[in-house]
Amino acid sequence: MDNRKKYIDIYQDKNPRKGMPSRDGMIKNYSQAFYPLFTQAYNQRMQRGARGNGSSKWNPLLLLQDKVILDIGCGDGRFCYDAVYKYEAKKAYGLDIASVAVGATERYKTEKLKFFDSDASKIPLPDNSVDILTSFQVMEHFPLAKIDQIFQEFYRVTRQGW
């Protein structure tokens, strides 16, 4: 079974297998594992008043203000939405081989957010169009045969490399 079909089936709760999360389980896993860590670290940084020039070890590339973001494996799109409306990114794109196809990103679509039903080997964006590319808990799912092509796409769409 190809990855696209496998993840669409999971999002639609078809053919569930032991140990494989449902759509809500996949989104909940991301939300509970990574997102609170990012939010906590970002908020602590902002409370110290350091917006990119402080003494903290926070990487200035992770300051999202006025940046264009691409989230690979965007799930329901929450990170993309928050990147724009909470962390002041200029625009955010989300790409996913399953969640966009089944409508999981619909609630977050705005004029500053666009979601693509695609895999990471064919990113439908122009060269040098993205400041920050994220991919949280996704790379381990990339097909080994496409790894080089995916990394070339990451490099192609980012302005300063990824």
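Structure: see above.
Per chain, residues are indexed from 1 in the order of the written sequence. At least 70 in pLDDT is required for a residue's local features to be given in this predicted model, at least 80 for side-chain atom pairs to be given and counted, and no such filter applies to totals for whole chains, interfaces and linings, which use all residues. Derived side-chain values reflect all non-hydrogen atoms in the structure, with water molecules and hydrogen atoms excluded from consideration.

Trainee: How should the overall build of the protein chain be read in this particular structure?
Mentor: Under the DSSP-based scheme used, a helix requires at least four consecutive residues in state H or I and a strand at least two consecutive residues in state E, with every element numbered from the N terminus. Within the protein chain, the regular secondary structure consists of five helices and four strands. Going from N to C terminus, the protein chain has its helices and strands arranged as α-α-α-β-α-β-β-β-α. By the burial criterion, 43% of the 162 residues in the protein chain qualify as buried. If you take every contact in the protein chain between residues at least 6 apart in sequence, the share linking residues at least 24 apart comes to 57%. Only protein chains enter the accessibility calculation, which uses a 1.4 Å probe. A residue is then buried if its area is under 20% of the maximum for its type, exposed if over 50%, and partly exposed in between. When checking whether two residues touch, look at their non-hydrogen atoms; a contact exists if any pair is within 4.5 Å.

Trainee: What exactly am I supposed to notice about the nonpolar core here?
Mentor: What tends to happen in soluble globular proteins is that the nonpolar side chains get buried as a cluster. In these notes, a set of buried Ala, Val, Leu, Ile, Met, Phe, Trp, Tyr and Cys residues joined through side-chain atoms within 4.5 Å is what counts as a nonpolar core. Judged by nonpolar contacts, the single largest core of 17 residues is most densely connected at Leu70, Ile72, Ile123, Leu125, Phe142 and Phe154. Contributing elements (two or more residues each) for this core: β1 (68–72), β2 (91–96) and α5 (147–157). Of all the elements, α5 adds the most residues to this core, at four residues. In terms of nonpolar packing, the next biggest core, distinct from the first, is built from 16 residues, Leu64, Ile69, Ile132 and Phe136 among them.

Trainee: Help me understand the packing of aromatic side chains in this model?
Mentor: What describes a pair of aromatic rings is the distance from one ring centre to the other and the angle between the planes of the rings. Ring pairs shown here join Phe, Tyr and Trp side chains whose ring centres sit within 6.5 Å, with only the six-membered ring taken for Trp; geometry is labelled stacked below 30 degrees between planes, edge-to-face above 60, and tilted in between. In the structure shown here, the tally under the stated rule is six aromatic pairs. When the ring of Tyr93 is compared with that of Phe116, the centres are 5.8 Å apart and the planes differ by 25°; the resulting orientation is stacked. Linking Tyr93 in strand β2 with Phe116 in strand β3 (residues 113–117), this pair joins segments that are 23 residues apart in sequence. With relative accessibility at 13%, the residue Tyr93 sits in the buried group. The buried category is assigned to Phe116, whose relative accessible area is 10%. Note on Phe151 and Phe154: the rings are 6.0 Å apart at their centroids and 45° apart in plane angle, and the pair reads as tilted. One end of the pair is Phe151 and the other is Phe154, both in helix α5 and three residues apart, which spans about a single turn. Taken together, the aromatic side chains of Tyr81, Tyr85 and Tyr108 make up a single cluster linked through ring pairs.

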